[in-house]
Amino acid sequence: MNPYQQKRRWKYSLLAFAVVIASGSLLYTSYLVKNIAKSERTRAQVWAMSMRQMLSSDDNDFLNYVLAVRDSSVVPALVVDSKGEFQLTRGLDTTKTFIKLDEAELKEKHQKYDPEYFKQELEYMKSQHEPIQLTVLKEPWFVYYKDSPLLTQLKIFPYIQLTVIAIFLMVAYTAFSSSRKSEQNQVWVGLAKETAHQLGTPISSLMAWIELIKDKFDAENDPLMAEMENDVKRLEIVADRFSKIGSVPKLETQPVYDVVKDFVDYFKVRVSDKISFELTGNQALFAGLNVPLFDWVLENLLKNAVNAIDGTGSIKVNISGNRAKKQVFIDVSDTGKGIPRSKFETVFQPGYTTRKRGWGLGLSLTKRMINNYHNGQIFVRDSEVGKGTTFRIVLKSLNDDSTPAT
Ligand SMILES: Nc1ncnc2c1ncn2[C@@H]1O[C@H](COP(=O)(O)OP(=O)(O)OP(=O)(O)O)[C@@H](O)[C@H]1O
Ligand SMILES: [Mg+2]
């Protein structure tokens, strides 16, 4: 069995285990709740019967004893006579049963029950359980009761338990998937480094061939040779990028406009001349850039823009800034097919492509290079289907306050 299958099996076993724990404990708690509810009714009944007993005797100690029992397992109860008057209570919140007396009232009596509180409690008890009826002094009295604090706690217990299990599952799942991701990353890093290594030899040979051709055909100043050299240098840069995957690239303070200009100049002669390029904006902004990686970002964005333009169109890059927020903006706009609003986020997902020969990797890599290596952001600033798109890169500006911001 391969490690992925093994992990999947683990994941399912974990899930099954959690389901078994959850349902087992739910069943057991509901069984407990039922039993305790039954015994609470019996206890309310026993209490009511002892009340009746007590009311027909004069034993004050017994009365005190019954009223004193106030532990958490006491079933809170209210006794109401046939006229609806409250006769006895127990297990209610003693801090709420009395209301404050003013001075005049204090002279007359000690304490006064809060009728509102009793009414509320009675309504609640009515909604919870059928009353127990007793005959006291030949009159029918009713004992209303509600679940004890213990039972109430037990009733919410399954929800707490389910939450804990859900959290446990989430943590376990995240741990598994992140370990799998890091494994996959290692495979990619290895592959990239190996590719870079293998590209090294033919690239150096190409360099040597170019020198030989220059000599042999006396083509030192031929512009074609210069372009060829440029391309081989690009190949070298690409191989270099691959070899650097997995290591943390260094950022250097760079003039953003100049870096973008260099790349746009290199790029524009390599695409159809039906597409025009324009670079505008602030030339005095600085940001921390890793030039090879940033060129890669520009390459992906410009290539996408070219792909989005069917035939004739224009691509504009504008550099601007926000001095207050210390930000540099690089906006890449095209007059291409546009992106529907619902896909503004999706385009950055690896594998998402609308091109026949696309891999759907360009923008996901770009986002990674901007977010992780340049501590910036990239997003679709605006786009309209059929009209065009603007991607915006936001980087931290390294200018001081004296630079014009826009
Ligand atoms: N400027 C743009 N205008 C319109 N759609 C775009 C633009 N940029 C990207 N998209 C859409 O986003 C998708 C994903 O782009 P991404 O660069 O990630 O992959 P791709 O270009 O399809 O393939 P590749 O891996 O070769 O770059 C594209 O297929 C396209 O549908
Ligand atoms: Mg692309």
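Residues numbered from 1 in each chain as written. Chains lettered and ligands numbered in written order. Predicted model: local features only at pLDDT ≥ 70, side-chain atom pairs only at ≥ 80, totals over all residues. Heavy atoms only, no water.

Visitor: Quick rundown of the site of ligand 1? Include the residues and the values.
Guide: Lining the immediate surroundings of ligand 1 are 19 residues, of which N304, T353, T354, L361 and L363 lie closest. In the model, an oxygen atom of ligand 1 is placed 2.8 Å from a nitrogen or oxygen of the N304 side chain. T389 is positioned with one of its side-chain polar atoms (N or O) 3.5 Å from a nitrogen atom of ligand 1. When isolated, ligand 1 has an accessible area of 600 Å², and the protein chains bury 92% of it. Looking at the shell around ligand 1, its residues break down into 8 nonpolar, 8 polar and 3 charged. (Near = heavy atom within 4 Å. Polar contact = N/O pair within 3.5 Å; in protein donor to acceptor, adjacent residues only side chain to side chain. Areas by Shrake-Rupley, 256 points an atom, 1.4 Å probe, with all protein chains shown as cover. Nonpolar A, V, L, I, M, F, W, Y, C, P; charged D, E, K, R; others polar.)

Visitor: Let's hear about the UniProt feature "transmembrane region" (unreviewed entry) in the protein chain: which residues, and what values?
Guide: With numbering matched to this structure, UniProt assigns "transmembrane region" (unreviewed entry) to residues 12-33 and 156-176. In residues 156-176, the share of helix is 100% and the share of strand is 0%. The end C-alpha atoms are 31 Å apart. (UniProt positions renumbered as here; feature names shortened; annotations may be inferred. Helix = DSSP H or I, 4+ residues; strand = E, 2+ residues; numbered from the N terminus.)

Visitor: Let's hear about the sheet that holds strand 13 (residues 388-396): which residues, and what values?
Guide: Taken together, the 5 strands give an open sheet; going across it, the order is 8-10-11-13-12, and neighbouring strands pair in mixed fashion. Bordering the open sheet on either side are strand 8 (275-281) and strand 12 (377-384), each of which pairs with just one other strand. The average angle at which neighbouring strand axes cross in this sheet is 15 degrees, direction not considered. Where strand 11 (residues 327-334) and strand 13 come together, 8 bridges link them in antiparallel fashion. (Pairing = 2+ DSSP bridges. Axes fitted to C-alpha atoms, helices over the stretch in contact; angles between N-to-C directions.)

Visitor: I'd love a proper account of the sheet that holds strand 5 (residues 132-136), names of residues and values included.
Guide: Pairing within the open sheet is antiparallel, and its 4 strands lie in the order 2-1-6-5. Two strands close off the open sheet at either side, each with one partner strand: strand 2 (86-90) and strand 5. Averaged over all adjacent pairs, the angle separating strand axes in this sheet is 25 degrees, with direction ignored. Direction of pairing for strand 5 relative to strand 6 (residues 139-145): antiparallel, over a ladder of 5 bridges. Bridging from a neighbouring strand, L134 pairs with W141 of strand 6.

Visitor: Lay out unusual backbone geometry in plain terms, naming residues and giving numbers.
Guide: The phi torsion at D218 lies on the positive side, around 50 degrees, for a residue other than glycine. In this structure, K326 takes a positive phi of about 55 degrees despite not being glycine. Structurally, K326 can be placed in the loop between strand 10 (313-322) and strand 11. With relative accessibility at 34%, the residue K326 sits in the partly exposed group. (Buried < 20%, exposed > 50% of the residue type's maximum accessible area, 1.4 Å probe, protein only.)

Visitor: How would you sum up the pattern of salt bridges? Please name residues and give values.
Guide: Scanning the model with the defined rule gives 14 salt bridges in all. Between D231 and R270 there is a salt bridge, with the nearest N and O atoms lying 2.9 Å from each other. Linking D231 in helix 7 (residues 223-244) with R270 in the loop between helix 8 (256-268) and strand 8, this pair joins segments that are 39 residues apart in sequence. Assessed through its relative accessible area of 35%, D231 is described here as partly exposed. The exposure class assigned to R270 is partly exposed, which follows from its relative accessible area of 29%. In this structure, R381 and D331 form a salt bridge, with 3.2 Å as the shortest nitrogen-oxygen distance. Taken together, the positions of R381 in strand 12 and D331 in strand 11 put the pair 50 residues apart, joining distant regions of the chain. Look at R381 and you get partly exposed, because its relative accessible area is 43%. Residue D331 is classed as buried on the basis of its relative accessible area of 5%. The structure contains a network of salt bridges with shared partners spanning E211, K214, E220 and E229. (Salt bridge = Lys/Arg side-chain N within 4 Å of Asp/Glu carboxyl O.)

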